[in-house]
Amino acid sequence: MSTPSSRKPDPTAETADALDSAVAPNRAAASKDPAIPAISIQGLVKSFGNVEVLKNIDLEVMPGQVVCVIGPSGSGKSTLLRCVNMLEEPTAGKIFVGEHEMTDPDVNIDQARRSIGMVFQQFNLFPHLSVLQNLTVAQMKVLKRSKSSAEQTARKNLERVGLAHRETAFPAQLSGGQQQRVAIARSLSMDPDLMLFDEPTSALDPELVGEVLAVMKGLVREGMTMMVVTHEMAFARDVADRVVFMDGGYIVEEGSAERVIGDPQHERTQAFLARVLNPTSVEEGDEFVAAPKPPAGQALPNPALDTHGNAFG
C-alpha cells in the first residue's frame, strides 16, 4: 500500500467532493423529510397500445418504510416499479419521489433519479469489468467522483454485502447470488435515498436466494426505504411494513403483512396465496378467481370493498 507521502494530491478529489456536496442537499430535500412520502403515486395509468396494464393506481411509501408488492405474473407489478423512476412513461397520473414530480415534463429526470437505486431480476453487470470497476464507473461518470473516492465508496459497499474479498473478480467468475449482491452494492454506491427491487431473487438457484435476502434484510435494519416486487412470501412477511397485492392491473388488497398474507380478505388474494404457499394442494383443472373488472362506464373497483360492495372487516 502506498503511504500518503508517496502520492501527489489528487486535483479532482476536491472537485468531486464539491459536486457530491452540491448534489446531497437536493437528495436530502427530495425524500428525507419524514412528513413527505418517499414515493407518492396518484391515479397512475399505464397502457401499451390498447392494453391497459395499470389501472388508476394510488400508493404511498413513507421514508423508512418497506413495501412489498406481490401478485401473479402479468399483474403489473414490475411495470409499476419501472414507472416510479420513469423507465416506463405513464399514460396518465402523477408520480412523486420526495418533492420531485417525476411525471412533470420539466423535471430534471437525471437529478431526480440520483436518489433512487434499482436492482433488476437480471444482474446487468458489465462482463468486461471487474467487480470494483462495476461499482465505480457510474460514480465517476454520473456523480463525477474521483477514482480514489469512488473506489473507497465501492469497497465500503462490497463490505456491506459480504464481497470485499472479490473486488478483482469478473462477473463470470461469480455465482448468481454473488452477482446480484454486486448489483445491490453498485446501487448503494450511488448513495440512494430509496431502493427499488424488481424480483431480485427470481433468476437465482434456490440455494442462492438466502444470501441475497440476507443483504436486503440488512438494508431494512439500516432504515433504507424500499419498494420490493417479490414472490418470496416469507421475506415479505418478515420485513414488510405493508404488503400490496396486485392483479389485473389493480391494487386488489393492501395492508400489514400479517393481515394480507396471514389473513387475506379478498377472494383473489386468498386464491393466489393458497397456490403460492401450498402449491401441491392445487388440483388439475383448478383456475384462479378472475381479477375484478369494472363494467363498461362504471368506476374502477374500490380495493377496500369486497366483490359485493361490503367493507372488509
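Look a little higher up for the structure.
Attention in this report is confined to the structure presented alongside it. From a predicted model like this one, the values you see are computed outputs, not experimental measurements.

Here is what the cut-offs are and how they apply
- Residues numbered from 1 in each chain as written.
- Predicted model: local features only at pLDDT ≥ 70, side-chain atom pairs only at ≥ 80, totals over all residues.
- Heavy atoms only, no water.
- Pairing = 2+ DSSP bridges.
- Helix = DSSP H or I, 4+ residues; strand = E, 2+ residues; numbered from the N terminus.
- Contact = heavy atoms within 4.5 Å.
- Axes fitted to C-alpha atoms, helices over the stretch in contact; angles between N-to-C directions.
- Buried < 20%, exposed > 50% of the residue type's maximum accessible area, 1.4 Å probe, protein only.
- Lys, Arg positive; Asp, Glu negative; His and termini not counted.
- Salt bridge = Lys/Arg side-chain N within 4 Å of Asp/Glu carboxyl O.
- Polar contact = N/O pair within 3.5 Å; in protein donor to acceptor, adjacent residues only side chain to side chain.
- Core = buried A, V, L, I, M, F, W, Y, C linked by side-chain atoms within 4.5 Å.
- Phe/Tyr/Trp six-rings, centres within 6.5 Å; stacked < 30°, edge-to-face > 60°.
- Lys NZ or Arg CZ within 6 Å of the ring centre and 35° of its normal.
- Parallel < 35°, antiparallel > 145°, perpendicular 65-115°, else oblique.
- Left-handed = near helix turned anticlockwise from the far one by under 90°.
- Nonpolar A, V, L, I, M, F, W, Y, C, P; charged D, E, K, R; others polar.

Here's the deal with the sheet that holds strand β1 (residues 39-48)
Point 1. Pairing within the open sheet is antiparallel, and its four strands lie in the order β2-β1-β4-β5. In this open sheet, the two edge strands, each paired with only one partner strand, are β2 (51-61) and β5 (100-101).
Point 2. Where β1 and strand β4 (residues 92-97) come together, five bridges link them in antiparallel fashion. In the sheet register, Ile39 faces β4, and the bridge partner there is Val97.
Point 3. Along the sheet, helix α2 (residues 77-84) makes contact with β1, β2 and β4, crossing β1 at roughly 120°.

What to know about the sheet that holds strand β8 (residues 225-229)
Point 1. Taken in spatial order, the six strands line up as β6-β7-β8-β3-β9-β10 in an open sheet, and their pairing is mixed. The open sheet has two edge strands with one neighbour each: β6 (116-119) and β10 (250-255). Sheet twist, expressed as the mean angle between neighbouring strand axes with direction ignored, is 15°.
Point 2. Packing against the sheet, helix α10 (residues 267-277) makes contact with β3 (66-70), β9 (242-247) and β10, and its axis sits at approximately 95° to β9.

Let's talk about the pairing of β3
When a strand is regular, its side chains alternate between the sheet's two faces.
Point 1. For β3, the buried fraction is high: five of the five residues fall into the buried class.
Point 2. Here β3 shows two buried faces, one formed by Val66, Cys68 and Ile70 and the other by Val67 and Val69.
Point 3. Where β3 and β8 come together, four bridges link them in parallel fashion. By the bridge assignment for β8, Val66 is matched with Met226.
Point 4. Inspection of the sheet shows β3 paired to β9 by four bridges, in the parallel sense. Following the sheet pairing, Cys68 is matched in β9 by Val243.

Things to note about the side chain of Asp198
Point 1. As for its placement among the helices and strands, Asp198 is situated in strand β7 (residues 194-198).
Point 2. Buried charge Asp198 goes without a salt bridge, the closest partner of opposite sign being Arg82 at 5.6 Å.
Point 3. At 2.7 Å, the side chain of Asp198 and the side chain of Ser78 are in polar contact.
Point 4. Aside from chain neighbours lying at most four places away, what touches Asp198 is Ser78, Leu81, Met118, Val119, Phe120, Gln121 and Val229.

What about unusual backbone geometry?
Point 1. With phi around 65°, Met86 is a residue other than glycine that occupies positive phi space.
Point 2. Tracing the backbone shows Met86 in the loop between α2 and β4.
Point 3. The phi dihedral of Asp191 falls on the positive side, at around 55°, and the residue is not glycine.

Structural notes on the pattern of salt bridges
Point 1. This structure, assessed with the given rule, holds 10 salt bridges.
Point 2. Measuring nitrogen to oxygen at the nearest pair gives 2.4 Å for the salt bridge that ties Arg145 to Asp191. Of the two residues, Arg145 is situated in the loop between α4 (131-142) and α5 (147-160) and Asp191 in the loop between α6 (176-188) and β7; the sequence distance between them amounts to 46 residues.
Point 3. Given the relative accessible area of 26%, Asp191 is considered partly exposed.
Point 4. Measuring nitrogen to oxygen at the nearest pair gives 2.7 Å for the salt bridge that ties Arg268 to Asp247.

Side note on α4
Point 1. The complete set of buried residues in α4 reads Val131, Leu132, Asn134, Leu135, Thr136 and Gln139.
Point 2. Of the surrounding secondary structure, the elements contacted by the buried residues of α4 are α5 and α6.
Point 3. Positive phi appears at Lys144, one or two residues downstream of α4, with a value of about 60°.

Describing the nonpolar core
Point 1. Ile184, Phe197, Met216, Met226 and Val243 are the most contacted members of the largest nonpolar core, which has 47 residues in total.
Point 2. With residues up to four places along the chain from it excluded, the contact list for Phe197 reads Leu81, Val119, Ile184, Met216, Leu219, Met226, Met227, Val228 and Val229.
Point 3. Grouped together as the second largest cluster of nonpolar side chains are 30 residues, Val53, Val107, Val229 and Val244 included.

Section: the environment of Ala214
Point 1. For Ala214, the position within the fold is in helix α7 (residues 206-221).
Point 2. For Ala214, a relative accessible area of 44% gives the class partly exposed.

A closer look at the packing of aromatic side chains
Point 1. The final tally for this structure, using the stated rule, is one aromatic pair.
Point 2. Centroid distance Phe245 to Phe272: 5.2 Å. Interplanar angle 40°. Geometry classified as tilted. Of this pair, Phe245 sits in strand β9 while Phe272 sits in helix α10, and the two are 27 residues apart along the sequence.
Point 3. The class for Phe272 is buried, based on a relative accessible area of 3%.
Point 4. Here Lys46 stacks its cationic end above the ring of Phe48, 4.8 Å away from the centre of that ring.

Let's talk about the packing of α6 against α7
To describe two helices that pack against each other, one gives the angle between their axes and the distance between the axes.
Point 1. Where α6 meets α7, the axes come as close as 8 Å, and the angle between the chain directions of the two elements is 20°. The orientation of α6 relative to α7 falls into the category roughly parallel. Taken as a pair, α6 and α7 cross one another with a handedness that is right-handed. Here α6 contributes Gly176, Gly177, Gln178, Gln180, Arg181, Ile184 and Leu188 to the contact with α7, which in turn contributes Leu208, Glu211, Val212, Val215, Met216 and Leu219.
Point 2. In terms of residue class, the contact of α6 with α7 is built from seven nonpolar, four polar and two charged.

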